[in-house]
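# Structure assessment
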Amino acid sequence: MSQTTDSPPGPGRWDAIVIGAGAAGMMCAAQIGQRGRRVLLIDHAHKLGEKIRISGGGRCNFTNLHCSPEHFLSQNQHFCRSALARYTPQDFIALVERHGIAYEHKTLGQLFCRDSARQIVAMLKSECQRGDVQWWMPCEVRKVSREGADFMVDSDQGAALAPSLVIATGGLAAPKIGASPFGYRIAEQFGLTIVAPTPAPVPLAFAPETMARFGDLSGISIDAEVSCNGQHFRESLLLTHRGLSGPAILQISSYWRGGDTIEIDLLPGLDVEATLLAASGSRVQLDNLLAQFLPKRLCQHWCAANDGVKPLSEFSHGELRRIAHGLHHWQLRPSGTLGYNKAEVTLGGVDTDCLSSKTMAAKAVPGLYFVGEVVDVTGHLGGFNFQWAWASGHAAGQVA
Ligand SMILES: Cc1cc2nc3c(=O)[nH]c(=O)nc-3n(C[C@H](O)[C@H](O)[C@H](O)COP(=O)(O)OP(=O)(O)OC[C@H]3O[C@@H](n4cnc5c(N)ncnc54)[C@H](O)[C@@H]3O)c2cc1C
């Protein structure tokens, strides 16, 4: 199967057309084709599966063993339940194993390719081949319209007609590799509502004056617990020259809204108050004591900012308690996020109220389906977003 036109360009009838040959679109098209239906897969990109290729640092964190609805954000927390239950991480793992792809468990249930994410792209391509999926790629879609019971897709490779149209064009994250608002526009064209999209998981930024206060802490990475709006994540946190990043921050960014304060426990699991009180009276400097648990540069900065550059013997017990509290409850107010260029996915999207949770079909538009990231279902970091792409693509693939 080539990435260019396999079928003659120009008007043609298909059983189903899938727009977007990413994770969800390829999964969906393969399923439709393997049911014996004639399916056309269209994508405007020059290279197939670029987002999969760069995912997980080039190794694709393709699923998570602990996949459950609690790991997803949506206006309807229950919407993802049905599709995720009918296509599980074990189903995808079985597919990966059938294709002989070696994988490994890294942490927190996250499964990665041992060698390369390209193997997942090749696997999906070969599954499409098994279903005799035809491709128009690269191909710009100019217009989608209704022609009786069919959808007419007008493109620079010609027109195509089908009674089923699946939109799998993803969200707005990573615009440099082909993200576009196409899916939202089509949803609006057919009267579906959109939950306002925002970037996430995404690094958080600070205003220049805040950054100046931090001095040069960039590059420091710690194990921390970060909280915001009732959610908390304990993973690593990275101070950068623009603000905060690392898994703990990327996770909490999905719950952060402009103006919110985030709270960081710099020493989760350590009873800092007991540690400080046990050392009270000692001539050891506070920053030197803290440096047993945290990077030295961070301790020096913390102590300088909190009037703490002195020996423990010079602090009252009340002051030590306040310092302990401050280390467990560091409050910071980010000024924003680093936006879609640095985000992994898009929060929001096609309102799940407009879709069937079983088939991903638009309730009010027979034959129209939305799968993957374009839908208002967003996973936590850790392989959940791909699992949603596989599961929702598979769900529509059984009926489209
Ligand atoms: C850097 C990075 C790393 C990531 N790592 C992981 C990870 O390790 N694990 C994980 O679970 N998730 C990860 N994600 C998120 C994951 O990649 C997405 O959630 C997933 O790819 C969504 O699948 P999708 O098929 O819905 O959309 P996409 O994979 O984005 O596919 C959409 C497709 O539609 C095409 N398209 C867009 N607009 C048009 C148009 N107008 N006309 C025709 N075609 C169009 C695009 O070219 C693309 O091929 C990562 C994301 C990024 C950006």
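Residues numbered from 1 in each chain as written. Predicted model: local features only at pLDDT ≥ 70, side-chain atom pairs only at ≥ 80, totals over all residues. Heavy atoms only, no water.

### Some words on the pairing of strand E18 (residues 262-265)
To keep it simple, the criterion reads: Each pair of strands is called paired provided DSSP finds at least two bridges between the two strands. Numbered from the N terminus, helices here are DSSP runs of H or I no shorter than four residues, and strands are runs of E no shorter than two.
Across three bridges, strand E15 (residues 221-228) lies against E18 in antiparallel orientation. Bridging from a neighbouring strand, Glu225 pairs with Asp265 of E18.

### Re the site of the ligand
Keep this limit in mind: Definition of nearness: a residue and a molecule or strand are near each other if at least one heavy atom of the residue lies within 4 Å of the molecule or strand. Just so you know the grouping, Ala, Val, Leu, Ile, Met, Phe, Trp, Tyr, Cys and Pro go in nonpolar, Asp, Glu, Lys and Arg go in charged, and all remaining residues, Gly too, go in polar.
The environment of the ligand is formed by 31 residues, the closest being Ala24, Asp43, Ser180, Glu373 and Phe386. Those elements giving two or more residues to the shell around the ligand turn out to be helix H1 (23-34), helix H2 (50-54) and helix H13 (384-397). Among the elements that line the shell around the ligand, the one with the most residues is H13, at four residues. Along the lines of polarity and charge, the residues of the shell around the ligand split into 14 nonpolar, 13 polar and four charged.

### What to know about the environment of Leu312
Filter applied, for reference: The buried label goes to any residue with under 20% of its type's maximum accessible area, the exposed label to any with over 50%, and the partly exposed label to all in between, with areas taken from a 1.4 Å probe on protein chains only. We call two residues contacting when some pair of their heavy atoms lies within 4.5 Å.
Positionally, Leu312 belongs in the loop between helix H11 (296-305) and helix H12 (317-328). When its relative accessible area of 0% is taken as the criterion, Leu312 is described as buried. Put simply, Leu312 and Asn288 are 24 residues apart on the chain and 10.0 Å apart in space, counted from C-alpha to C-alpha. Setting aside residues no more than four positions away along its own chain, Leu312 makes contact with Leu276, Ala279, Ser280, Gly281, Ser282, Val284, Leu286, Leu289 and Leu320.

### Details of the packing of H1 against H13
Applied cut-off: The axes are straight lines fitted to the C-alpha atoms, using for helices just the contacting stretch, and the angles between their N-to-C directions are given from 0 to 180°. Throughout, the term roughly parallel applies to angles under 35 degrees, roughly antiparallel to angles over 145, roughly perpendicular to angles from 65 to 115, and oblique to all others. Should the near helix be turned counterclockwise from the far one by less than a right angle, the crossing is left-handed, whereas a clockwise turn marks it as right-handed.
Interaxial distance between H1 and H13 falls to 7 Å at its minimum, and their mutual angle equals 30°. For the element pair H1 / H13, the angle class is roughly parallel. The interaxial crossing formed by H1 with H13 has right-handed handedness. Where H1 abuts H13, its residues Ala23, Ala24, Met27, Cys28, Gln31 and Ile32 lie against Phe386, Ala389, Trp390, Gly393, His394, Ala396 and Gly397. Here the residues of the contact of H1 with H13 sort into nine nonpolar, four polar and no charged.

### Some points on the pairing of E15
Only one face of E15 is covered, namely the face carrying Ile222, Ala224, Val226 and Cys228; the face carrying Ser221, Asp223, Glu225 and Ser227 is uncovered. Relative to strand E16 (residues 231-239), E15 is paired through eight bridges, and the arrangement is antiparallel. Paired with Ile222 across the two strands is Leu237, which belongs to E16. Remark: two residues form the turn of the hairpin made by E15 and E16, two consecutive strands paired antiparallel; Asn229 in that turn has positive phi of roughly 50°.

### Here's the deal with the nonpolar core
Just so we agree on the cut-off: Buried residues of nine kinds, namely Ala, Val, Leu, Ile, Met, Phe, Trp, Tyr and Cys, make up a nonpolar core once their side-chain atoms join them within 4.5 Å.
Judged by nonpolar contacts, the single largest core of 87 residues is most densely connected at Ile120 and Phe370. Setting aside anything within four residues of it in sequence, one finds Ile120 in contact with Ile52, Cys60, Phe62, Phe92, Val96, Ile101, Cys113 and Trp390. Counting 45 residues, the second largest nonpolar core, distinct from the first, contains Leu237, Ile264, Leu312 and Leu347.

### So, the domain arrangement of the protein chain
Interfaces are often sized by the amount of accessible area the parts lose when they come together. Test applied: The domain boundaries here were taken from an automatic or database domain assignment. Two parts placed together each lose some accessible area under a 1.4 Å probe, and adding up what both lose gives the buried area. For this analysis, a polar contact is any N or O atom pair within 3.5 Å, provided that within protein one partner can donate a hydrogen and the other can accept it, and provided that sequence-adjacent residues contribute only side-chain to side-chain pairs.
Examined at the domain level, the protein chain breaks down into domain 1 (12-197 + 347-397) and domain 2 (204-337). Contacts between the two partners involve five residues from domain 1, matched on the other side by eight residues from domain 2. Roughly 590 Å² of surface becomes buried between domain 1 and domain 2 when both sides are summed, with 61% attributable to carbon and sulfur atoms. It is Leu73, His380 and Leu381 that lose the most area in domain 1 upon contact with domain 2, and together they represent 68% of the buried surface on that side. For the interface between domain 1 and domain 2, the tally reads two residue pairs in polar contact (both at pLDDT 80 or more).

### Brief notes about the pattern of salt bridges
Threshold: Salt bridge criterion: a side-chain nitrogen from Lys or Arg within 4 Å of a carboxyl oxygen from Asp or Glu.
This model, assessed by the stated rule, comprises ten salt bridges. Between Arg13 and Asp150 there is a salt bridge, with its nearest N and O atoms 2.5 Å apart. Of this pair, Arg13 sits in strand E1 (residues 12-13) while Asp150 sits in strand E10 (residues 150-155), and the two are 137 residues apart along the sequence. The exposure class assigned to Arg13 is partly exposed, which follows from its relative accessible area of 47%. We note a salt bridge from Arg130 to Glu127, for which the minimum N-O separation is 3.3 Å. Linking Arg130 with Glu127, this pair stays in helix H5 (residues 118-130), spanning three residues, or about one helical turn.

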